[in-house]
Amino acid sequence: MSEINPISTFIINKRNRSDRRVHILNQFLNKEEFVVQIVTAIECEIGAVGLWNTIKYIITELITGEENFILLCEDDHEFTDAYSAESLVKAINNAKNSKADILLGGVSGFFGAVELSNNLFWVETFSGLQFTIIFRKFFDTILNTDFNDYDNADFKFADISNYKFLMVPFISIQRDFGYSDVTEGNNVAGRMQLAFKESQENLLNIQSVNRFYSLTKEKLNASQQYNLNEITLTTFVLYTNTIGNELENITKQFRGKKEFDVKFVNMSERSNDLRGHWEYFREIIIKAIADKEDVIVICRDKHEFTENYSKEFFLSNLLQAHIHGTEILMGGISFFKQLVPISESRYWIDSVHGSQFIVLFRNVFSKILNEPTEDYKHIDEYLSIITSNKVVIHPFISKWRTTSEYSKINTQAKKVIPDTYNETNDRISKIKRIINELKN
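Cut-offs used in this document
- Residues numbered from 1 in each chain as written.
- Predicted model: local features only at pLDDT ≥ 70, side-chain atom pairs only at ≥ 80, totals over all residues.
- Heavy atoms only, no water.
- Helix = DSSP H or I, 4+ residues; strand = E, 2+ residues; numbered from the N terminus.
- Expected span 1.5 Å × (residues − 1).
- Buried < 20%, exposed > 50% of the residue type's maximum accessible area, 1.4 Å probe, protein only.
- Phe/Tyr/Trp six-rings, centres within 6.5 Å; stacked < 30°, edge-to-face > 60°.
- Lys NZ or Arg CZ within 6 Å of the ring centre and 35° of its normal.
- Pairing = 2+ DSSP bridges.
- Right-handed = clockwise from strand over helix to strand, strands pointing away.
- Axes fitted to C-alpha atoms, helices over the stretch in contact; angles between N-to-C directions.
- Salt bridge = Lys/Arg side-chain N within 4 Å of Asp/Glu carboxyl O.
- Contact = heavy atoms within 4.5 Å.
- Core = buried A, V, L, I, M, F, W, Y, C linked by side-chain atoms within 4.5 Å.

### Quick word on helix 9 (residues 311-323)
Relative to the 18 Å expected for 13 residues at 1.5 Å per residue, helix 9 spans 18 Å between its end C-alpha atoms, a close match to the ideal helical length. Considered for burial, the residues of helix 9 that qualify are Phe-314, Leu-315, Asn-317, Leu-318, Leu-319, Ala-321 and Ile-323. Immediately downstream of helix 9, the backbone of Gly-325 shows phi near 85°, a positive value.

### Quick word on the packing of aromatic side chains
According to the stated counting rule, one finds 26 aromatic pairs in the structure shown. Judged by centre distance (5.5 Å) and plane angle (70°), the rings of Trp-52 and Phe-157 are edge-to-face. In this pair, Trp-52 sits in helix 2 (residues 47-62) while Phe-157 sits in helix 5 (residues 153-160), placing the two residues 105 residues apart along the sequence. You can call Phe-157 buried: its relative accessible area is 0%. Judged by centre distance (4.4 Å) and plane angle (45°), the rings of Phe-79 and Tyr-83 are tilted. Of the two residues examined, Phe-79 and Tyr-83, each falls in the buried class. By the ring-pair criterion, three or more aromatic residues cluster together here, those being Phe-254, Phe-260, Phe-305, Tyr-309, Phe-314 and Phe-357. Taking NZ or CZ as reference, Arg-175 lies 5.4 Å from the ring centre of Phe-177, over its face. Across from the ring centre of Phe-336, 3.8 Å away, lies the NZ or CZ of Arg-427, which sits over that ring.

### Observations regarding the pairing of strand 1 (residues 7-13)
The buried fraction of strand 1 is high, at seven of seven residues. Side-chain alternation along strand 1 places Ile-7, Thr-9, Ile-11 and Asn-13 on one buried face and Ser-8, Phe-10 and Ile-12 on a second face that is also buried. Pairing of strand 1 with strand 2 (residues 34-40) involves seven bridges; the strand directions are parallel. Looking across to strand 2, one finds that Ile-12 is bridged to Val-39. Of the crossover connections in this fold, the one passing from strand 1 over helix 1 (residues 18-27) to the parallel strand 2 is right-handed. Bridge count for strand 1 against strand 3 (residues 69-74) is four bridges, and the pairing is parallel. Within the sheet, the bridge partner assigned to Thr-9 lies in strand 3 and is Leu-71.

### Some words on the sheet that holds strand 11 (residues 164-167)
In space, the eight strands of this open sheet follow the order 2-1-3-10-5-11-8-7, with mixed pairing throughout. Strands at the two margins of the open sheet, each flanked by one partner only, are strand 2 and strand 7 (114-117). Put simply, the sheet's adjacent strands are angled 25° from each other on average, direction ignored. Across three bridges, the pairing between strand 5 (residues 102-104) and strand 10 (residues 131-135) is antiparallel. Within strand 10, the residue paired with Ile-102 across the bridge is Ile-134.

### A few points about the pattern of salt bridges
A full pass over the atoms with the stated rule returns 20 salt bridges. When the shortest N-O distance is used, the salt bridge between Arg-136 and Glu-67 registers 4.0 Å. Of the two residues, Arg-136 is situated in the loop between strand 10 and helix 4 (139-143) and Glu-67 in the loop between helix 2 and strand 3; the sequence distance between them amounts to 69 residues. On the accessibility criterion, Glu-67 (10% relative accessible area) is buried. Here the residues in one salt-bridge network are Arg-20, Asp-75 and Asp-76, joined through shared partners.

### Things to note about the sheet that holds strand 17 (residues 328-330)
As summarised here, the arrangement of the eight strands in space is 14-13-15-20-17-21-19-18, forming an open sheet in which the pairing is mixed. Edge strands, defined here as strands with exactly one partner in the open sheet, are strand 14 (260-266) and strand 18 (339-343). Neighbouring strand axes in the sheet, compared pairwise and without regard to direction, differ in orientation by 25° on average. Where strand 18 lies against strand 19 (residues 346-349), four bridges are found, and the strand directions are antiparallel. Across the sheet, Leu-339 pairs through a bridge with Ile-349, a residue of strand 19. Contacting strand 13 (233-239), strand 14, strand 15 (295-300), strand 17, strand 19, strand 20 (357-361) and strand 21 (390-393), helix 9 runs over the sheet at an angle of about 35° to strand 20. Against the sheet, helix 10 (residues 362-370) makes contact with strand 15, strand 17 and strand 20, and its axis sits at roughly 95° relative to strand 20, the strand it touches most.

### Regarding the nonpolar core
With 68 residues, the main nonpolar core has Phe-126, Phe-157 and Phe-314 as its most contacted residues. Examining the composition of this core, we find that eight residues originate from one element, helix 2, more than from any other. In contact with Phe-157, other than residues within four places in its own chain, are Trp-52, Ile-55, Ile-102, Phe-126, Leu-129, Ile-134, Phe-138, Ile-142 and Lys-164. Core analysis: the next-biggest nonpolar cluster, separate from the first, contains 63 residues, Ala-95, Ala-100, Met-167 and Ile-284 among them.

### Observations regarding unusual backbone geometry
A cis geometry characterises the amide bond from Val-168 onward to Pro-169, with omega recorded as 0°. The topology assignment puts Pro-169 in the loop between strand 11 and strand 12 (172-174). Here His-394 and Pro-395 are connected by a cis peptide whose omega angle stands at 5°. Mapping Pro-395 onto the fold places it in the loop between strand 21 and strand 22 (398-400). Of note in this structure, Lys-99 is not a glycine but carries a positive phi near 65°.

What follows is the structure, given as C-alpha cells:
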C-alpha cells in the first residue's frame, strides 16, 4: 500500500445487529490497508433515511479533513476471492484520474454500464452501497442534497453524480443475513447472492460484446464502396384499421423517400392479438426468404421519422451494421437496460423495447422462423430472445407517433409513450457525452 495511505473506513452497524458486527470485523481482520471505525447507525422508521443521515453524520463529524477519500462500508459487506490490496489501489487511482465521485466494489444491479478498461466500468445507475469509496469532491454534493422518504441512498448517489465507477471483477458482495435493514424486497434468502452473480455475469457479457465489435472495426471502410443511390429496401408496414386514419398517416412518412419500396400489411384481417401479430411477422420473413432478400424493413403504423433522419445517415449506418454482422437494427427504442457504444451513431442494446422501425438482416431470418410461437409474447419479446446482436441508431431516426384519434382513446398516450422515446434518446446522449469526456 505504498501508493495510498491506510484508508479511513467507516462501517455502519445498528446497535442490535451484533451478528453483523462480528461478521464485518472478521472481514477486515489483518487487513492493514484499512483503518476501521464502527459507526452506530442513526435509527429511523424508514431505513433508507436512517442510512442517509448516518452518511451525512460521517462526513460532517468523523472525517479529519485530511482524507482525499473514505471507504463507506455497510455491515453486510463480504470480500470476494478477487480482492487484493493491489487491485483496490489500482482501481482507486484509475477512478481518481477519471474525476470519480464514487468507486463501487460490487453491485447487486445496474443500468447503462460502459467498459472503460478491463477492470473498471462507468455506470449510469446502480444498487448496492456495501463497499463504496467516496472521494472528497463529492462530500459537499451529498450534504447539499435533499433526501425524501421514498428515496434510496444508492439511487440518490447515482442521480446526483455523473462520475460513478465500478470494479470488475467484484471485490465485494453482500452477505445474506436473511433480512435487510434498508430494502424490504431483499428479505429473501439467497436473493442477494443471485443478484450479485447476475450483475457480474452481465458485466462480463458487456465485455464480450465489446470484444466482438472491436474485432470488426477495421472492416467498416468497406461500407464506403456502396452507392447509396442504388439502394432500395423492401419495407413492410404493419397497420390495423382500429384507430382512425393510420394507413394515411403512415403513408405520409414514406412519401418522397425512394430508398423504401413500401408494402402494406393489414393485420386486422385475422386475429388481432399477440400471437396473430407474430404470425404476420413470420409470414413476412417467409416471403423475404422466397424473394431472396438480404435485408428488409418492418415498420409499425405508429412510426414517425424524427428530424435526425436522412437517407445518407440511415443507409450508411445500415451498411456498417451489415458489415458488423448485425442481425437487428432499430431506428429508435423506448427503453434499455444495457448498451455498448459501437460507433458515434450505433449502440448495441440488450433487448428490444417499442421499436416502430426495425431492419432485419438475412442472418436472423431462420432464427425468427425457428422460434416457437406462444400466445403471450409480444413481438419485442421474441426479437429480444432470438439474438443478442441487436443495435439501435442514435440519435434516433424513428419514434412513436401519437395521432389525435389515438389520444382520444388513451388520454395518457401523449404523455407516457412518446416521452419514453425522448427520455431514452436523451439517456444515450448523456452517456455518450460523459464517456467521450472520460476517454479524451
